[in-house]
Amino acid sequence: MTVKPSMLAPGSVIGVLGGGQLGRFLAMAAADLGFACHVYCPEPDSPAFALADQHMIAPYEDEAALTRFAEQVDVVTYEFENVPAATVEVLEALVPVLPGRRALETAQDRLAEKRFFSDLGIEVAPFAEVNDAADLERALGEIGAPAILKTRRFGYDGKGQARIGHRDEAGPALESLRGAPAILEQVIDFDFEISVIAARCRSGDFAAYAPGRNIHRNHILDQTFVPADIPAELERRAVEICRTITEALDYAGVIGVEFFVCDGGARLLVNEIAPRVHNSGHWTLDGAPASQFEQHIRAVAGWPLRDPCRHSDAVMTNLIGEDVESWGKWAAEPLTAVHLYGKPEVRAGRKMGHVTRLTPMTPDAGD
Ligand code: ATP
Ligand code: MG
């Protein structure tokens, strides 16, 4: 076995921007491979702090703190896509920042993202740029209603979105976004949603898990089912689109690509990408030999990727807000893995944990 000089040695320090549950799982995966993890997050009591070797509490705009952080780590990655461009600039001058600036810039702006997909020949919902009432009027003329007005930046869990059922709802929808630059998207009458979670290394090595089928509740991911119960040909197409995206971005790390499946699978539209580990990939912690978090750490450390196969079918259910009070019920199921994020305060809409119910796959008995 040869160790390439590009492979980060155990004992190296992986810096993570963001201290939520994704950072927490990344810290655990890093520790498993003998790395130390240093988490940078402005909020005290961040869930990842308890599992990381070191942490720094400072704003993302604090250049002196960022410089100190960069000096203490060997590579930087992030658990959320809204890392300010100026933060990346400060860090990048001192240490590699992965998955990479191109991916971050693309995923941060829904308009840039949609144009990027279109340029690659990947189908998306019809969309138009909206900066004022005149733009919206024109866009509704082109796209029609129902449509969704979305802020270009900082949206998550359906925040920063307003549905326009009829054209006379345009005014209130625009007002609700308070002047933020936006895009209008046609409402897609999809059959269901799937996502592909995959890892890519700068060497070109690529490994995609089986797609998951995603169910949302109140605009927040509720459940992911793996397998997605889709034809093999549709799965291949989704994975190839994911590969095309990662290559165009010269990506290093795990990516989540969200799709709308339409017309019985005849049309496959990309909704958006997450340039990071993704909630719909949490089942890999328990249903696969290598989790998305291990793959991400390997990819940013320049290690080879593991096989993305699974040993169990899985149903992942998020515990949102008061759902977490049912932890005892889930804990009593022997084939269910319970993951609680250690957040001190239960709030409506807050992701408090998730559970994954497994069905181990038995080898085909054959004839
Ligand atoms: P998340 O953080 O959960 O990914 P988000 O705030 O980034 O959400 P989107 O992924 O754009 O927002 O939208 C959230 C959900 O709203 C989608 O998964 C889908 O169910 C629905 N949705 C978004 N855009 C459309 C569309 N054009 N047509 C139909 N449904 C849509
Ligand atoms: Mg989404």
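All values reported here derive from a predicted model rather than from experimental measurement. (Residues numbered from 1 in each chain as written. Chains lettered and ligands numbered in written order. Predicted model: local features only at pLDDT ≥ 70, side-chain atom pairs only at ≥ 80, totals over all residues. Heavy atoms only, no water.)

Peer 1: An account of the sheet that holds strand 7 (residues 161–164) is requested, with residue identities and associated values reported.
Peer 2: The strand order across the open sheet formed by four strands is 5-8-6-7, and the pairing between neighbours is antiparallel. The open sheet terminates on both sides in strands that have one partner only, identified here as strand 5 (127–130) and strand 7. Neighbour to neighbour, the strand axes of the sheet diverge by 25 degrees on average, direction disregarded. The pairing of strand 5 with strand 8 (residues 182–186) spans four bridges and is antiparallel. Considered in strand 8, the bridge of V130 is made with A182. Together, strand 5, strand 6 (147–151), strand 7 and strand 8 form the strand contacts of helix 5 (residues 110–119), whose direction differs from that of strand 5 by roughly 150 degrees. In the packing of helix 6 (residues 133–143) onto the sheet, the strands contacted are strand 5, strand 6, strand 7 and strand 8, and the crossing angle to strand 5 comes to about 170 degrees. (Pairing = 2+ DSSP bridges. Helix = DSSP H or I, 4+ residues; strand = E, 2+ residues; numbered from the N terminus. Axes fitted to C-alpha atoms, helices over the stretch in contact; angles between N-to-C directions. Contact = heavy atoms within 4.5 Å.)

Peer 1: I'd love a proper account of the domain arrangement of the protein, names of residues and values included.
Peer 2: Here the protein is partitioned into domain 1 (13–97), domain 2 (126–186) and domain 3 (192–360). With centres defined by C-alpha atoms, the gap from domain 1 to domain 3 works out at 22 Å. Listed per partner, the contact involves 17 residues of domain 1 and 20 residues of domain 3. Buried area between domain 1 and domain 3, both sides added, is near 1,800 Å², and the carbon and sulfur share of it is 74%. In this structure, the connection of domain 1 to domain 3 is made through one salt bridge. Between E81 and R276 there is a salt bridge; the shortest N-O distance is 2.5 Å. Inspection of the region where domain 1 meets domain 3 yields four residue pairs in polar contact (both at pLDDT 80 or more). Counting only elements with at least two residues in the side of domain 1 that touches domain 3, the list comes to helix 1 (21–32) and strand 4 (75–78). Per-element tally for the side of domain 1 that touches domain 3: the top contributor is helix 1, with seven residues. (Domains from an automatic or database assignment. Buried area = accessible area lost by both parts, 1.4 Å probe. Salt bridge = Lys/Arg side-chain N within 4 Å of Asp/Glu carboxyl O. Polar contact = N/O pair within 3.5 Å; in protein donor to acceptor, adjacent residues only side chain to side chain.)

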